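Read off the chains here:
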Amino acid sequence: MGNNANENYAIEMKNITLSFNKKIANDNVTLRLRKGEVHALLGENGAGKSTLMNVLFGLYKADSGEIYVNGKKEVIDNAVTANKLGIGMVHQHFKLVHNFTILENIVLGVEETHLGLLKLADARKRVVELCNKYHFDLDPDAKIEDITVGMQQRTEILKMLFRNNDIMIFDEPTAVLTPQEIREFMTIVKNLKAEGKSILFISHKLDEIKEVADRCTILRKGKCIATVDVDKVSKEELSEMMVGRKVNLKVDKAPAKPGNVVLEVRHLSVAGERGHKDKVRDVSFDVRAGEIVCIAGIDGNGQSELIKGITGTKPLKSGTIKIDGQDFTHKSIRYKNTHGISHIPEDRHRDGLILDYDMEKNMVLQEYFEKRFSHSGFLKEKEIAEYTDELIDEYDIRSMAGGTSIVRNMSGGNQQKIIIAREMTKEHKLMIAVQPTRGLDVGAIEYIHKSIVKQRDMGIGVLLVSFELEEVMNLADRILVMFEGEIVAEFTDIQNLDLNELGLYMAGGKRMNMKEVA
Amino acid sequence: MKRKKDFAPFISSLAAIVCGLIIGFIILILSNPTEAVAGFVTILTGSLTHGTKGVGQVLYYATPLILCGLSVGFAFKTGLFNIGGSGQFLMGAFGAVVIGLTCPQLGPFQWVVGLLFAILLGAIWGAIPGILKAYFNVNEVITCIMLNYVSLFWVNMTVKGSKVLFNALRNESKDIPKVATLPKLGFDVIFDGSSVNSGIIIAILVAILLYIILEKTTFGYELKACGLNKNASKYAGINENRSIVYSMVIAGAIAGLAGGIMLLSGTGRHIEIKDVIPSEGFNGISVALLGVSNPIGVIFSGLFIAYLTAGGFYLQLFHFSKEIIDIIVAVIIYFSAFALIIKKFLERYNEKKKDKEYNLIGNKGA
Ligand SMILES: Nc1ncnc2c1ncn2[C@@H]1O[C@H](COP(=O)(O)OP(=O)(O)OP(=O)(O)O)[C@@H](O)[C@H]1O
Ligand SMILES: [Mg+2]
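Nothing here was measured: the structure is a model prediction, and the numbers come from that model. Residue indices follow the written sequence of each chain, beginning from 1 at its first position. Written order decides the labels, with chains lettered from A and ligands numbered from 1. The model is predicted, so local features are restricted to residues of pLDDT at least 70 and side-chain atom pairs to those at 80 or more, both for listing and for counting; the totals for chains, interfaces and linings are taken over all residues. To obtain the side-chain values, all non-hydrogen atoms of the structure were used and water was disregarded.

### Notes on the overall build of chain B
Okay, so step 1: Where helices and strands are cited, they refer to DSSP runs of H or I of at least four residues and of E of at least two residues respectively, numbered from the N terminus. Along its length, chain B carries 15 helices and two strands.
Okay, so step 2: Buried residues are those whose accessible area, probed at 1.4 Å on protein chains only, stays under 20% of the maximum for their type, while exposed residues exceed 50% and partly exposed ones sit between those limits. Split into buried and exposed, the 366 residues of chain B put 52% on the buried side.
Okay, so step 3: Here, two residues are considered to be in contact whenever any of their heavy atoms come within 4.5 Å of each other. Partitioning the contacts of chain B with sequence separation of at least 6, the portion at a separation of at least 24 is 77%.
Okay, so step 4: Calculation of accessible area relied on Shrake-Rupley with a 1.4 Å probe; when residues are assessed, cover is drawn exclusively from the protein chains displayed. Summed over all atoms, the accessible surface of chain B reaches about 15900 Å², with 70% contributed by carbon and sulfur.

Dropping the structure here:
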């Protein structure tokens, strides 16, 4: 077709360079997206993937470089232009209005009015159709603030689907989906590809890239390392190209030597929204020093509420919590934080970070008032800065301005590393980690997994919530399965665990006769 | 830096000021075209071209503006909108009048005690909306507005009902004896003929104090954390309710102090018995916005607005009626603030708006 060979490309980004305050985030990057292909973008945390996509979507302006859309040179300087050109984007951190319903978020901006009234009925029909088509279990009238992160992510995807763009950018869409949902998402992507759409897909998960992508461009420290055909390279080669060294994702760990009970939970219930049944129902379990207990289950079965109940951000309906034998049920959050509990929360932006504070201030979020960091009410800025620098080194946290970087301007994976560094380093007996490696690159995951095992070996009790079976299988010494607010199974022999069986329990198809924990 | 949202805040403040000045100029042209230019120049330079008195007046006008700006700005930092500055100001003024007229036995400490009492009453007036917000989830804006009226009528009633406080002839509070007024610190000599006194020093000291509290202390860390992200503050175990109450108490105390200083300035300012809420608290909102709620920024925005007010005074030399001056200064102040409100609004809804924009276009395929 046509007289220009470039018309085979849906997108061509040529020699894109962009720097923030003279520090380069994209260094002469060239990316070509063929029509109808799924093109993966791979790179370490902070490599510049999101930045590059934001340039394409018109949110950032490159210092130099050109963008061609369907063979024509375009200047994309805002999202409106991007959309005129048929480009849509699902962002790494969702852009949903929290006190709106799912439906309202989806139709936001496209509301059609009839005599001043929203024609929501038509939109609803379409949303429901899409939900059915792609097997999304969503209630269009649920408010965003009441649904899980996984569901919010699905809303974002739905929003994209609702608008039928030809060129779709997915920035880490699968980071929070459950394995089942990821499989469904993969099918969606394949279908979209079959429909002729061109897709840019950022993911840290090599399996996904292998499964769904045709080609893959690898970025490292802002530079384009290579573009490869995915079926011609192995996962190992990919991760080596990305990190620059071999990565071992299999965690070597000795059998656990559980000690005293660190966390004792008895008959814990957490109420649901008004009129709904309890989110957590009569849950009892222990976590011992020196073991990693994983709570497995499909998102939305009460895991979040259980953790919030234990850490105190949600009120308990009934039940007791003990740490090291001491009753913590009615203790304040501050008391819990300073007397043994560390907590990596599920939603890093909502709970884990103050995005407009710099990294230093976030690093001491749980400890700023301690003697070490304050003196008669004054913050010890020097100590805080030094402490932050130590952790930046230890956890390889990358940013443009070190400890004084505003967290909002940091890459998603590096934001997560701040929380992990903070919670792992502060004094604690129990580590509660919800999806701790969400959005981290393979190199970082390797490091975090090792750190979690190291914590265990130091005698800390670890309670881990993860939707990623690989992570669960890699780390767990014991697995508890949660279904509809209850613990329905417990596995202690992880080595010989049958994954299909685990899946059955998670889906509610089977339950053990759980004895009262002694 | 290529991110479009990242304007340095002071640039937008400047832009707002320029817009406000343009509108002010237009009003001058509309009311008296022949002398508009001369009048406009006077607004801009009047404070400097009339000797040291002009400069002194700027400092005098700036005192309550800075303090009320600090009051509003401090509450902003904790995510609260203190629109009750006027009520707190009035309570402070009342406190100062009571001490100034009834406690001559305090001798040289009379003004100090007067200010302390003003601070106390202002703090109480700030604490009420704070407590209601923290423990009963009542919106502070509503409480503040109601308390503005409560203070107005209560102060009027009390002053009027008291023989010691009330000057029936002039329908206002009695003159404060000279011994009970703030020291002049020689300002009356340097800035001959102006009303400036030690109040401006107090205002600047308070600004520096607040800056230190917000930037250097654990207390400020908590207050700002609550304002920036409630959920994360809760996660970190910060007591949000306490932060809200403290923040409002401090905001109220500062506005109360402003009221005390004005009444103890010995410059003929009285509590007038009329049904008008003092404008200082509202001006504080503009000052805070213009100074992006930063205590040091507020010093400069307060001085700037005072500078315009003082310059506007000399507009009378041209044939502009006295009311025009007020209008123009108000327009500049409010337009400046308004532009900033719009900017803040846009910023906050930027993401939402962006979605809207591309949704509109993205719908073409649907
Ligand atoms: N608005 C901004 N201001 C300053 N620096 C920024 C800004 N946005 C991104 N950066 C910096 O640019 C670099 C690249 O960030 P980017 O978000 O593109 O990384 P990424 O590859 O998407 O990483 P991740 O996998 O963690 O999401 C980071 O060092 C980040 O701190
Ligand atoms: Mg990213």
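### Section: the overall build of chain A
Okay, so step 1: What chain A contains, in helices and strands, is 17 helices and 24 strands.
Okay, so step 2: Over its C-alpha trace chain A gives a radius of gyration of 24 Å, about what one expects of a compact globule, namely 24 Å for 518 residues.
Okay, so step 3: Seen along its three principal axes, the alpha-carbon backbone of chain A occupies a region of about 75 × 55 × 50 Å.
Okay, so step 4: Out of the 518 residues belonging to chain A, those deemed buried represent 57%.
Okay, so step 5: In chain A, 68% of the contacts between residues at least 6 apart in sequence involve partners at least 24 apart.
Okay, so step 6: Roughly 21500 Å² of accessible area belongs to chain A as shown, and the carbon and sulfur atoms make up 48% of that amount.
Okay, so step 7: Here chain A contributes 72 positively and 78 negatively charged side chains, and the mean placements of these two sets differ by 1 Å. For the radius of gyration, the atom set is restricted to C-alpha positions; the globular benchmark scales as 2.2 Å times the number of residues to the power 0.38. The convention is simple: Lys and Arg are positive, Asp and Glu are negative, and His and the chain ends are not counted. The atoms used to mark charge sites are NZ of Lys, CZ of Arg, CG of Asp and CD of Glu.

### Digging into the site of ligand 1
Okay, so step 1: Around ligand 1 sit 22 residues in total, of which Gly46(A), Ser50(A), Thr51(A), Ser411(A) and Gly413(A) are the nearest.
Okay, so step 2: Near, as used in this document, describes a residue that has one of its heavy atoms within 4 Å of the molecule or strand being considered. Neighbouring residues of ligand 1 are distributed over chains A and B.
Okay, so step 3: We call two N or O atoms a polar contact when they sit within 3.5 Å, provided that within protein one can donate a hydrogen and the other can accept it, with sequence-adjacent residues counted only if both atoms are side-chain atoms. Residue Lys49(A) places a main-chain N or O atom 2.8 Å away from an oxygen atom belonging to ligand 1.
Okay, so step 4: In the model, a nitrogen atom of ligand 1 is placed 3.1 Å from a nitrogen or oxygen of the Asn409(A) main chain.
Okay, so step 5: Against a free-state accessible area of 640 Å², the protein chains account for coverage of 95% of ligand 1.
Okay, so step 6: Residue assignment for the shell around ligand 1 shows that the elements contributing at least two residues are α1 (49–56) and α14 (412–425) of chain A.
Okay, so step 7: Note on residue categories: nonpolar means Ala, Val, Leu, Ile, Met, Phe, Trp, Tyr, Cys or Pro, charged means Asp, Glu, Lys or Arg, and polar means any other residue, Gly included. Across the shell around ligand 1, the residue classes tally to six nonpolar, 12 polar and four charged.

### Section: the packing of aromatic side chains
Okay, so step 1: The pairing test for Phe, Tyr and Trp rings, Trp by its six-membered ring, is centres within 6.5 Å, and the orientation test on the planes gives stacked under 30 degrees, edge-to-face over 60, and tilted for anything in between. Applying the stated criterion to the full structure yields 17 aromatic pairs over all chains.
Okay, so step 2: Taken together, a centroid distance of 5.6 Å and an interplanar angle of 90 degrees make the contact between Tyr395(A) and Tyr447(A) edge-to-face. Separated by 52 residues along the polypeptide, Tyr395(A) in helix α13 (residues 381–395) and Tyr447(A) in helix α15 (residues 442–457) bring together distant segments of the chain.
Okay, so step 3: Tyr395(A) gets classed as buried once you look at its relative accessible area, which sits at 7%.
Okay, so step 4: Taking the relative accessible area as the measure of exposure, Tyr447(A) reaches 31% and is therefore partly exposed.
Okay, so step 5: Relative to Tyr61(B), the ring of Tyr60(B) lies with its centre 5.9 Å away and its plane at 45 degrees, an arrangement referred to as tilted.
Okay, so step 6: Here the aromatic cluster, defined as three or more aromatic residues joined through ring pairs, consists of Tyr357(A), Tyr368(A), Phe369(A) and Tyr221(B).
Okay, so step 7: The ring of Phe162(A) carries Arg126(A) above its face, with NZ or CZ at 4.7 Å from the centroid.
Okay, so step 8: Of note, Lys361(A) hangs over the ring of Tyr357(A), and the distance from its end group to the ring centre comes to 5.4 Å. Here, a charge over a ring means that NZ of Lys or CZ of Arg falls within 6 Å of the ring centre while also lying within 35 degrees of the ring normal.

### Let's talk about the nonpolar core
Note that soluble globular proteins tend to have their nonpolar side chains buried in a common cluster.
Okay, so step 1: Throughout, nonpolar core names a set of buried Ala, Val, Leu, Ile, Met, Phe, Trp, Tyr and Cys residues whose side chains join them through atoms within 4.5 Å. The biggest cluster of nonpolar side chains holds 71 residues, and the ones touching the most others in it are Leu28(B), Ile66(B), Leu67(B), Leu70(B), Phe94(B), Val159(B) and Ile271(B).
Okay, so step 2: In terms of residue count, helix α3 (residues 51–77) of chain B provides more of this core than any other element does, 10 residues in total.
Okay, so step 3: Residue contacts for Val159(B): discarding those within four places in its chain leaves Phe94(B), Leu165(B), Phe166(B), Ser173(B), Ile271(B) and Ile273(B).
Okay, so step 4: Grouped together as the second largest cluster of nonpolar side chains are 61 residues, Tyr387(A), Val453(A), Leu475(A) and Ala236(B) included.

### Overview of the domain arrangement of chain A
All names here are of chain A.
Okay, so step 1: Parsing chain A into structural domains produces domain 1 (9–243), domain 2 (254–340 + 428–518) and domain 3 (356–426).
Okay, so step 2: Domain delimitation follows an automatic or database domain assignment. Once you take the C-alpha centre of each, domain 1 and domain 2 turn out to be 32 Å apart.
Okay, so step 3: As used here, buried area is the combined drop in accessible area, with a 1.4 Å probe, of two parts when they are placed together. Both sides of the domain 1 and domain 2 interface together cover about 1400 Å² of buried area, and 55% of this is carbon and sulfur.
Okay, so step 4: We count a salt bridge whenever a side-chain nitrogen from Lys or Arg sits within 4 Å of a carboxyl oxygen from Asp or Glu. In this structure, the connection of domain 1 to domain 2 is made through one salt bridge.

### What about helix α12 (residues 280–290) of chain B?
Residues and elements named next belong to chain B.
Okay, so step 1: Burial of α12 is extensive: 10 of the 11 residues sit out of reach of the surface.
Okay, so step 2: Buried within α12 are the following residues: Glu280, Gly281, Asn283, Gly284, Ile285, Ser286, Val287, Ala288, Leu289 and Leu290.
Okay, so step 3: A positive phi of about 40 degrees marks Val292, the residue just after α12.

### Observations regarding the pattern of salt bridges
Residue and element names in this part refer to chain A.
Okay, so step 1: Overall, the coordinates contain 41 salt bridges over all chains when judged by the stated rule.
Okay, so step 2: The closest approach of N and O atoms between Glu66 and Lys73, which form a salt bridge, is 3.3 Å.
Okay, so step 3: Since its relative accessible area comes to 30%, Glu66 is described here as partly exposed.
Okay, so step 4: Of the charged contacts, one joins Glu291 and Arg478 as a salt bridge, the two residues approaching to 2.9 Å between their closest N and O atoms. With Glu291 in the loop between β14 (280–288) and β15 (292–296) and Arg478 in strand β23 (residues 478–483), the pair connects residues that are 187 residues apart, well separated along the chain.

### Here's the deal with the confidence of the model for chain A
Okay, so step 1: Looking at chain A, pLDDT values average 88 and 95% of them are 70 or higher.
Okay, so step 2: By mean pLDDT, the top-scoring element of chain A is helix α12 (residues 359–363) of chain A (97), and the lowest-scoring one is strand β7 (residues 113–114) of chain A (52). How sure the predictor is of each residue is captured by pLDDT, a score from 0 to 100.

### So, the sheet that holds β15(A)
Residues and elements named next belong to chain A.
Okay, so step 1: One bridge is not enough; two strands pair if DSSP finds at least two bridges between them. Across the sheet, six strands lie side by side as β18-β21-β22-β15-β23-β24; this open sheet has mixed pairing. The open sheet is flanked by β18 (341–344) and β24 (486–491), the only strands paired with a single partner. Taken pair by pair, the neighbouring strands of this sheet meet at an average axis angle of 20 degrees, ignoring direction.
Okay, so step 2: Judged from the four bridges that link them, β15 and β23 form a sheet pairing that is parallel. Bridge pairing in β23 links Val293 to Arg478. Axes, fitted as lines to C-alpha atoms, cover a helix only where it is in contact. Angles between the N-to-C directions of the axes lie from 0 to 180 degrees.

### So, the side chain of Thr437(A)
Okay, so step 1: With respect to the helices and strands, Thr437(A) occurs in the loop between β21 (430–434) and α15.
Okay, so step 2: Only 2.4 Å separates the side chain of Thr437(A) from the side chain of Glu471(A), close enough to count as a polar contact.

### Quick look at the packing of α3(B) against helix α11 (residues 240–263) of chain B
The relative placement of two packed helices comes down to the angle between their axes together with the axis-to-axis distance.
Residues and elements named next belong to chain B.
Okay, so step 1: At a minimum axis distance of 8 Å, the contact between α3 and α11 shows a crossing angle of 170 degrees. In terms of their interaxial angle, α3 and α11 are classed as roughly antiparallel. Taken together, the residues of α11 that come into contact with α3 (itself represented by Tyr60, Thr63, Pro64, Leu67, Cys68, Leu70, Ser71, Phe74 and Ala75) are Ser247, Met248, Ile250, Ala251, Gly252, Ile254, Ala255, Leu257, Ala258, Ile261 and Met262.
Okay, so step 2: Residue composition of the contact of α3 with α11, grouped by class: 16 nonpolar, four polar and no charged. Any angle from 65 to 115 degrees is called roughly perpendicular, while one under 35 is roughly parallel, one over 145 is roughly antiparallel, and all others are oblique.

### Concerning the sheet that holds strand β17 (residues 326–327) of chain A
Residues and elements named next belong to chain A.
Okay, so step 1: Spatially, the four strands line up as an open sheet ordered β14-β13-β16-β17, and their pairing is antiparallel. Edge positions in the sheet fall to β14 and β17, since each has one partner strand and no second.
Okay, so step 2: Relative to β14, strand β13 (residues 261–270) runs antiparallel, the two sharing six bridges. Its bridge partner lying in β14, Val270 is registered against Val280.
Okay, so step 3: The sheet strands contacting helix α9 (residues 303–311) are β13, β14 and β16 (318–323), and the helix crosses β13 at an angle near 115 degrees.

### Focus: α1(A)
Each turn of an α-helix holds 3.6 residues, which means side chains three or four residues apart point in the same direction.
Residues and elements named next belong to chain A.
Okay, so step 1: Where burial is concerned, most of α1 is hidden: seven out of the eight residues are buried.
Okay, so step 2: When α1 is considered as a whole, its buried residues turn out to be Lys49, Thr51, Leu52, Met53, Asn54, Val55 and Leu56.
Okay, so step 3: One or two positions beyond α1, positive phi appears at Gly58, with a value near 85 degrees.

### Focus: the pairing of strand β3 (residues 38–43) of chain A
All names here are of chain A.
Okay, so step 1: With six of its six residues buried, β3 lies for the most part within the structure.
Okay, so step 2: Going residue by residue along β3, you find Val38, Ala40 and Leu42 tucked away on one face and His39, Leu41 and Gly43 tucked away on the opposite face as well.
Okay, so step 3: In terms of strand pairing, β3 meets strand β10 (residues 198–202) through four bridges, oriented parallel. Directly across from Leu41, in β10, lies its bridge partner Ile202.

### Considering a nonpolar patch on the surface
Okay, so step 1: Think of a patch as exposed residues, more than 30% relative accessible area, with no salt bridge, where like charges cluster within 9 Å and nonpolar side chains (Val, Leu, Ile, Met, Phe, Trp, Tyr) cluster within 5 Å. Taken together, Phe378(A), Leu185(B), Ile201(B), Leu205(B), Ile208(B), Tyr211(B) and Ile212(B) make up a surface patch of nonpolar side chains, about 610 Å² in accessible area.
Okay, so step 2: It is helix α8 (residues 199–216) of chain B that contributes the most residues to the nonpolar patch, five residues altogether.
Okay, so step 3: Take Leu185(B): it is sitting in the loop between β2 (172–173) and α7 (187–190).

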